[in-house]
Amino acid sequence: MRPFTCAIVGATGMVGGMFIKILEQRKLPISQLYLFASARSAGKTLMFNNNAITIEELTTTSFDRGIDVALFAADDNTSLTYPPIAVAKGCVVIDNSPIWRMNPDVPLVVPEVNGDDIATHNGIIANPNCCAAPAVVALKPLQEAYGLKRVVISTYQSVSGSGVDGIRDLDANLAGQKETFYPHAIAHNIIPHIGSFDETGYTGEETKLMAEIQKMLHLPQLKITATTVRVPVYYGHSLSINVTLESEFDMHDLRKILANAPGAVLHDDPARNIYPMPAMAAGNDTVYIGRVRRDNSCKNSINMWVVTDNTRKGAATNAVQILEKVI
């Protein structure tokens, strides 16, 4: 991999900070790292590879310096406005917001699943929803082996999925204080509400999850439904996935396929209380699959439990993996 220049937009946020950490951990040959944020953060410094880097205010001229690739972890308005400016200056943008994900001209990518789609980019590549990424890692090998007929997903999403506001609410509730971000207390509770409700009763998070899975698997007609739930866990999203396959299967063969899924680990021995949990996923990049079992209520169906760190494989790590394929 050749040396390259890189920018992080939204460097002071949770995912922006994780970008910095993962770029350090993966020891990429970055010749120059630029950190951009809002005007209120300009002038502050963040550490990268033991060097203090001064944060700059993001402006329309920020990319007038030959930046090769930019990782965006910004609000929707910033992600709508600035990527085209960066692309016009010769920069490849990998965006973590939902703004570009369903644009037909923008590839939405999990490298282990549809990495070939990166080649179709026109300067912008979208990073998927924090639950869509682990879901397709688990679903793709089943799609290839048996075909997918229907998918039902229920998510159990940690408060870090809401950024610092979610963490602050959980901290406040545990300290006996009232929440200021969520519509209800999150401590000792679960909230079946992520995103705004639409006229059908689905939330924005549920709609995004379903559409993104269809796009990444190249199955626009896949029958899929989802319920997304916020739980009082700091890091790590969990998914209960029920899958109806197109063809019959042998459980031993199916488990072997999941055990060999790129980016995943089969962590599944209930007799010894071995199954994925957020506490074990937090801090690493693995998609854990467990509780794999036949659904005897429906032909050619299984249940499985999937867990990953939402700030890493669900966000920052996946974007950096895309970057590694671009450079």
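The following paragraphs examine the structure supplied in this document. Keep in mind that this is a model prediction, so the values were computed, not measured.

Moving on to helix α9 (residues 312-326). At N318, α9 shows its maximal kink, close to 35°. Listing the buried residues of α9 in full gives R312, K313, G314, A315, A316, T317, N318, A319, V320, Q321, I322 and L323.

Before going further, it helps to spend a moment on the side chain of T311. Within the element layout of this structure, T311 appears in the loop between β13 (301-308) and α9. Engagement of the side chain of T311 in a polar contact is seen with the side chain of D309, the distance being 2.7 Å. When sequence neighbours within four positions are dropped, the list of residues in contact with T311 reads M14, M18, S160, Y235, A316 and T317.

Any two packed helices are characterised by the angle at which their axes cross and by the distance between the axes. Look at helix α4 (residues 132-146) against helix α7 (residues 251-259): their axes get within 9 Å of each other, and the N-to-C directions meet at 135°. The pairing of α4 with α7 is recorded here as oblique in orientation. Where α4 crosses over α7, the handedness of that crossing is right-handed. Together, A138, P141, L142, A145 and Y146 of α4 and D253, L254, I257 and L258 of α7 make up the contact between the two elements. A class-by-class count of the residues in the contact of α4 with α7 yields 8 nonpolar, no polar and 1 charged.

Tracing the backbone through its elements, the reader meets S79 in helix α2 (residues 76-88). On the basis of relative accessibility, which here comes to 0%, the residue S79 falls in the buried class. Once residues lying within four places of it in the same chain are set aside, the contact partners of S79 are F72, A74, D95, S97, I99 and W100.

A few words now on unusual backbone geometry. In this model, K27 sits at a positive phi of 50°, which is unusual for a non-glycine residue. In this structure, K27 sits in the loop between α1 (14-25) and β2 (30-37). We note that N273 has phi near 60°; this positive angle belongs to a residue other than glycine. Tracing the backbone shows N273 in the loop between β11 (264-266) and α8 (278-281).

Another aspect to go through is the environment of A70. Its place among the elements puts A70 in strand β5 (residues 69-72). With a relative accessible area of 0%, A70 lands in the buried category. As a C-alpha pair, A70 and V93 span 23 residues in sequence and 4.9 Å in three-dimensional space. Those residues within four positions of A70 in sequence are excluded, and the remaining contacts are A7, F63, C91, V92, V93 and I94.

The next thing to look at is the sheet that holds strand β12 (residues 287-294). In spatial order, the strands read β9-β8-β10-β13-β12-β11; together these 6 strands make up an open sheet with mixed pairing. The open sheet is flanked by β9 (223-230) and β11, the only strands paired with a single partner. The sheet shows a mean angle of 20° between the axes of neighbouring strands, taken without regard to direction. As defined by bridge partners, strand β8 (residues 148-157) adjoins β9 across 8 bridges and the pair is classed as parallel.

Now for the pattern of salt bridges. Applying the stated rule across the entire model yields 13 salt bridges. One salt bridge in this structure joins R2 and D68, with 3.8 Å as the shortest N-O distance. Placement of R2 in the segment before β1 (4-9) and of D68 in the loop between β4 (51-57) and β5 is noted, with a sequence separation of 66 residues between them. With a relative accessible area of 47%, R2 lands in the partly exposed category. In this structure, the salt-bridge partner of E179 is K178, at a minimum N-O distance of 3.4 Å.

Rules used in this analysis
- Residues numbered from 1 in each chain as written.
- Predicted model: local features only at pLDDT ≥ 70, side-chain atom pairs only at ≥ 80, totals over all residues.
- Heavy atoms only, no water.
- Bend = angle between axes of the 7 residues up to and from the residue.
- Helix = DSSP H or I, 4+ residues; strand = E, 2+ residues; numbered from the N terminus.
- Buried < 20%, exposed > 50% of the residue type's maximum accessible area, 1.4 Å probe, protein only.
- Polar contact = N/O pair within 3.5 Å; in protein donor to acceptor, adjacent residues only side chain to side chain.
- Contact = heavy atoms within 4.5 Å.
- Axes fitted to C-alpha atoms, helices over the stretch in contact; angles between N-to-C directions.
- Parallel < 35°, antiparallel > 145°, perpendicular 65-115°, else oblique.
- Left-handed = near helix turned anticlockwise from the far one by under 90°.
- Nonpolar A, V, L, I, M, F, W, Y, C, P; charged D, E, K, R; others polar.
- Pairing = 2+ DSSP bridges.
- Salt bridge = Lys/Arg side-chain N within 4 Å of Asp/Glu carboxyl O.

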